[in-house]
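Examining the three-dimensional arrangement
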Amino acid sequence: MDTKLNLFVVLTLVSIQFLSTFPKAAISNVHIVYMGEKENEDPTVTKMFHYKMLSDLLGSKEAAKSSMLYSYKHGFSGFAARLTDSQAKEIEAFPGVVQVIPNQVHKFHTTRSWDFMGLNDHSTTNLLTKSNMGEGIIIGVIDSGVWPESESFNDRGMNLIPSHWKGICQEGQLFNSSNCNKKLIGARWFVKGILDQNQTPINISNGKDILSARDSSGHGTHTASIAAGNFVVNANYEGLAAGLARGGAPRAHLAVYKVCWSFGHGGCTDADLLKAFDKAIQDGVDILSVSIGLSIPLFSYADQRNSIAIGSFHATAKGITVACSAGNDGPTAMTVENTAPWIITVAATTIDRAFPTAITLGNNHTLWGQSVDTRMHNHGFTGITFSDRIALNDSDDSALGCKRGSLNATLAAGQIILCFSQSSTQNIFSAAISVAEAGGVGLIFAQYRSDGLESCHYIPCIKVDYEVGTQILSYIRKARYPIAKLGIPKTIIGKWVSPKVADFSGRGPSSISPIVLKPDIAAPGVDIIAAYIPFGAKKSSKFALLSGTSMSCPHIAGITALIKSVHKNWSPAAIRSALVTTASQKGTDRSNIAEEGSTPKVADPFDIGGGVVNPNRAIDPGLIYDIETNDYVNFLCGTGFSSKSVSGLTQTKANCTKNRLNELNLNLPSITIPYLKRKVTVSRKVTNVGPVESIYKAVVEAPQGIKMKVEPQILRFNKTTQIVPFKVTFFTTGKVYGDYRFGSLIWRDPKHTVTIPISIRAIFV
């Protein structure tokens, strides 16, 4: 039998056999039994203990073996198993169990960008060169897998695999050990949690899902190549955005952990996510990029339903820096996700590239929109009409936004259709399907200002704002026989003010803990070109333009690899501090960075954290705000968690009755006070990572209506004093209440400017 076919059959039978163990009645579901601290460093002993506990609960070793999906035994202790609600409640009372929670589903947060940030590969002075492009660093990507044949994962110029790597290249359907190399050094896949969640087998015959680490959605391939893709010449998307493609750390190694799937309702479950974190810790990755998140409302950091917070804590405690996406539910306030203080939470911005596309009307007036549909338009000038004029049903306004089935095919045939989106939920892609089904030959889609473009595939489509859309509509209403011609998109660089915060990027303050400023940092996340799975009629397209905080997150992971390559002993908190305190609040034209929302405004810390990442400054921040694991433990105690909850999460014997850190005093590179009553004093300390003999002076930019006092105002460092504490006291003036005001605290020496953002909300006493 053919080897691939044999593998296909075996995997299918394994899947069916696995699913056959499900109870006929849906009375048992996957639960995660989280036990926190490992009692034994030997993972074999830990696993045996898990089986013993489950056997005691279910009555036999066979039942335990049939029930258990995963044993978490490397970064922390626990297991995922199928349990009824009553069994879950019973095992929660067992000694050592911190919490038992049901398995849940998480969601995706879905070349020019590196040059835009100043990381030119031909420069001898920037971070990319100083770090030797991330050589020797391993970036783990927890996502939807990888397309290993992509040119971005070639290993030309790569050095040997680092000696601290302990992982594997796990085989599976259409994936074997030869798919790994010196660039893609590891791949694993975790499917048991999503299989149980859907209660149906994966249909691997249609290619929608592949039972291996091979990516079938493109998301994981895209994010991995942004973080550490190798050099690819003449990369482009249908001729647009052409250039040299590479990841942030092109000489770093990649390890991929597939936890996200398409079948059923799709998504990424807690059980699979926690196993990926557990294995990544064991494998020896240096950095983790996670473009996945939970929806609002958020769970607390010590709640095991927040698997990303839990997994990332254990990774951070092992010295692994974890970058996560901020979510795509902006621009509404309090929509930021992945808000744990040990995570680097990344917002998304635009870059200075656009794809202007001409719309020439019959009166010789040319208007401009944007598009990524480059297919030639053979019709030249053709008729153009407004969708509301060709509505199939005049009694509703569904035709206005070109909803499917709303257009009269007789009147739409051969026409360019102008549609107006009525809400942010309507999108150009679904409108294009509607127009194509009705026989239209082109689409002009007017919508409120939003970031990110997508191909309509079926017909050429151009996105315009309401102003341009209204001008086109005015022409249609005045002309006896309105006609128009759609141009071909062009790639233009450097002509637009940038960056701007993307409208979709999740905004702060954190809904679960507003004392922790989130997001931390912003990075490019709009129309980013990177590797993708083959798609299109000829399966020849190898790159795609995607937008989302999913794209901004691996930018930070790549930059982190460069910093880690130079500063190998820096902690995750030190790296986060370097990124935040050196970030930029100014755009390319030196004006304040703006945020795109319903009413554009100057971006504040809830939009961009410290600002837009500045990699070349981050390599030499001067001072850092460092945090040790025990600081996070005391912070959690200070927020009101019990000793048991904190001990379970942190693998420490926490005593919250004795060790409670005022939560305002966690040594973050930011200060946020949600409830200022007259006067509050906050403590911080900074570590000198610049010249041994250094003197820094404080510069205060107080929020409106707030007075600030810094003590001491001068920080002196020498051979014996490399860590200096200071205090900041905030006073209300009694004039401003009820809303956040923003400022900053800056430490300056002749070479460095170390800035932290400040967010204060004064309240009535």
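If you check an unreviewed UniProt entry, the chain appears there as Subtilisin-like protease SBT3.5 from Gossypium arboreum. Of the comments in the UniProt record for the chain, the one headed Sequence similarities (unreviewed entry) reads "Belongs to the peptidase S8 family."

Bringing the pattern of salt bridges into the picture now. All chains considered together, the criterion is met by 15 salt bridges. Notably, a salt bridge pairs Glu-595 with Arg-507, separated by 2.4 Å at the nearest N-O pair. One end of the pair, Glu-595, is in strand β30 (residues 594–595); the other, Arg-507, is in the loop between β26 (500–501) and β27 (521–524), and 88 residues separate them in sequence. In this structure Glu-595 comes out as buried when scored by relative accessible area, which is 5%. Here Asp-604 and Lys-601 are joined by a salt bridge, their closest N and O atoms 3.0 Å apart. Accessibility expressed as a relative area gives 37% for Lys-601, which makes it partly exposed. It is possible to trace a salt-bridge network through shared partners that takes in Arg-507, Glu-595, Lys-601, Asp-604 and Asp-607.

Attention now moves to a negative patch on the surface. A surface patch of like charges, here negative, comprises Asp-388, Asp-394, Asp-396 and Asp-397. Tracing the backbone shows Asp-394 in the loop between β20 (382–386) and α11 (409–412).

Before going further, it helps to examine the pairing of strand β40 (residues 753–762). The buried count for β40 comes to 8 of 10 residues, which makes it a mostly enclosed element. Judged from the 4 bridges that link them, strand β33 (residues 671–676) and β40 form a sheet pairing that is parallel. Pairing of Leu-676 across the sheet is with Ala-762, part of β40. Bridge count between strand β39 (residues 740–748) and β40: 9 bridges; the pairing is antiparallel. For Arg-741, the partnering residue across the bridge sits in β40 and is Ile-760. Here β39 folds back onto β40 in antiparallel fashion, the turn holding 4 residues.

Taken as a whole, this structure holds 12 aromatic pairs when the rule is applied. Ring centres 4.9 Å apart and planes at 80 degrees place the aromatic pair Phe-313 and Trp-342 in the edge-to-face group. With Phe-313 in helix α10 (residues 307–317) and Trp-342 in the loop between β15 (321–325) and β16 (344–349), this residue pair connects regions lying 29 residues apart in the sequence. The residues Phe-313 and Trp-342 share a single accessibility class, namely buried. Here the aromatic cluster, defined as three or more aromatic residues joined through ring pairs, consists of Tyr-70, Tyr-72 and Phe-190. One residue, Arg-214, lies across the ring of Trp-147, its end atom 4.5 Å from the ring centre.

Next up on the list: the pairing of β16. Among the 6 residues in β16, 6 count as buried, and that is most of the element. The alternating pattern of β16 places Ile-344, Val-346 and Ala-348 and Thr-345, Ala-347 and Thr-349 on opposite faces, both of which are buried. Pairing of β15 with β16 involves 3 bridges; the strand directions are parallel. Of the residues in β16, the one forming a bridge with Ser-325 is Val-346.

Quick look at the state of the cysteines now. Under the definition given, this model contains 4 disulfides. Residue Cys-260 pairs covalently with Cys-268 via a disulfide, S to S 2.1 Å. In this structure the cystine formed by Cys-260 and Cys-268 twists about its S-S bond by roughly 105 degrees; its chirality is therefore right-handed. Classification of Cys-260 by relative accessible area gives buried; the value is 4%. Residue Cys-268 is classed as buried on the basis of its relative accessible area, which comes to 1%. Here Cys-637 pairs with Cys-656 through a disulfide, and the sulfurs are 2.0 Å apart. Because the sign of the S-S torsion sets the handedness, a value of about -65 degrees for the bond joining Cys-637 and Cys-656 places this disulfide among the left-handed ones. Remark: Cys-656 occurs in the loop between α19 (643–650) and β33 and Cys-637 occurs in helix α18 (residues 629–638); sequence separation between them is 19 residues.

A separate point is the packing of helix α8 (residues 219–228) against helix α14 (residues 549–566). Running from N to C, α8 and α14 cross one another at 35 degrees; their axes reach a closest spacing of 7 Å. You can see that α8 and α14 cross each other, and the crossing is right-handed. Residues His-219, His-222, Thr-223, Ile-226 and Ala-227 of α8 form the contact with α14, whose own contacting residues are Ser-550, Met-551, Pro-554, His-555, Ala-557 and Gly-558. Split into classes, the residues belonging to the contact of α8 with α14 amount to 5 nonpolar, 6 polar and no charged.

In a regular helix each residue adds 1.5 Å, so 14 residues correspond to 20 Å; helix α9 (residues 270–283) covers 20 Å between its end C-alpha atoms and thus fits that length. With 13 of 14 residues buried, α9 lies mostly within the body of the structure. Note on α9: the residue one or two positions beyond its end, Gly-284, has a positive phi of about 100 degrees.

Cis peptide bonds are those with omega within 30 degrees of zero, and the linkage from Gly-330 to Pro-331 qualifies with 5 degrees. Checked against the element boundaries, Pro-331 lands in the loop between β15 and β16. Between Glu-711 and the following residue, Pro-712, the backbone shows a cis peptide bond with an omega angle of -10 degrees. Its place among the elements puts Pro-712 in the loop between β36 (706–711) and β37 (714–717). Positive phi, normally seen in glycine, also occurs at Leu-174, with a value near 55 degrees. With respect to the secondary-structure elements, Leu-174 resides in the loop between β6 (138–143) and β7 (184–189). For Leu-174, a relative accessible area of 43% corresponds to the partly exposed category. Positive phi, normally seen in glycine, also occurs at Asn-364, with a value near 70 degrees. Assignment of secondary structure puts Asn-364 in the loop between β18 (356–361) and β19 (366–370).

Position of Thr-357 among the secondary structure elements: in strand β18. Of the residues examined, Thr-357 reaches a relative accessible area of 1% and is grouped as buried. Between the C-alpha atom of Thr-357 and that of Ile-462, which follows or precedes it by 105 residues, the distance is 7.2 Å. In contact with Thr-357, not counting residues within four places along its chain, are Leu-367, Trp-368, Gly-369, Gln-370, Ser-371, Ile-462, Gly-487, Ile-488 and Pro-489. Among the polar contacts made by the side chain of Thr-357, one reaches the main-chain amide nitrogen of Ser-371 at a distance of 3.3 Å.

Attention now moves to the sheet that holds strand β4 (residues 99–102). Taken in spatial order, the 4 strands of this open sheet run β2-β3-β1-β4, and their pairing is antiparallel. Of all the strands in the sheet, just β2 (68–72) and β4 have a single pairing partner and so form its edges. Across this sheet, the average inter-strand angle for adjacent strands is 25 degrees, counted without regard to direction. One ladder, built from 4 bridges, connects strand β1 (residues 28–36) with β4; its direction is antiparallel. Bridging across to β4, Ile-32 finds its partner in Ile-101. Against the sheet, helix α2 (residues 43–58) makes contact with β1, β2 and β3 (77–84), and its axis sits at roughly 25 degrees relative to β3, the strand it touches most. Sitting on the sheet, α9 touches β1, β2, β3 and β4, and the angle it makes with β2 is about 35 degrees.

This part is about the nonpolar core. Core analysis: the biggest nonpolar cluster contains 58 residues, and Ile-142, Tyr-257, Val-259, Val-285, Leu-288, Ile-292 and Trp-342 have the highest contact counts within it. Once residues within four sequence positions are removed from consideration, Ile-142 is found in contact with Tyr-257, Val-259, Leu-273, Ala-276, Phe-277, Leu-288, Ser-289, Val-290, Ser-291 and Ile-292. One finds Ala-213, Ala-252, Ala-561 and Leu-562 within the second-largest nonpolar core, a separate group that totals 31 residues.

Definitions and limits used
- Residues numbered from 1 in each chain as written.
- Predicted model: local features only at pLDDT ≥ 70, side-chain atom pairs only at ≥ 80, totals over all residues.
- Heavy atoms only, no water.
- UniProt positions renumbered as here; feature names shortened; annotations may be inferred.
- Salt bridge = Lys/Arg side-chain N within 4 Å of Asp/Glu carboxyl O.
- Helix = DSSP H or I, 4+ residues; strand = E, 2+ residues; numbered from the N terminus.
- Buried < 20%, exposed > 50% of the residue type's maximum accessible area, 1.4 Å probe, protein only.
- Patch = residues over 30% accessible without salt bridge, like charges linked within 9 Å, V, L, I, M, F, W, Y side chains within 5 Å.
- Areas by Shrake-Rupley, 256 points an atom, 1.4 Å probe, with all protein chains shown as cover.
- Lys, Arg positive; Asp, Glu negative; His and termini not counted.
- Charge placed at Lys NZ, Arg CZ, Asp CG, Glu CD.
- Pairing = 2+ DSSP bridges.
- Phe/Tyr/Trp six-rings, centres within 6.5 Å; stacked < 30°, edge-to-face > 60°.
- Lys NZ or Arg CZ within 6 Å of the ring centre and 35° of its normal.
- Disulfide = S-S within 2.5 Å.
- Axes fitted to C-alpha atoms, helices over the stretch in contact; angles between N-to-C directions.
- Left-handed = near helix turned anticlockwise from the far one by under 90°.
- Contact = heavy atoms within 4.5 Å.
- Nonpolar A, V, L, I, M, F, W, Y, C, P; charged D, E, K, R; others polar.
- Expected span 1.5 Å × (residues − 1).
- Polar contact = N/O pair within 3.5 Å; in protein donor to acceptor, adjacent residues only side chain to side chain.
- Core = buried A, V, L, I, M, F, W, Y, C linked by side-chain atoms within 4.5 Å.

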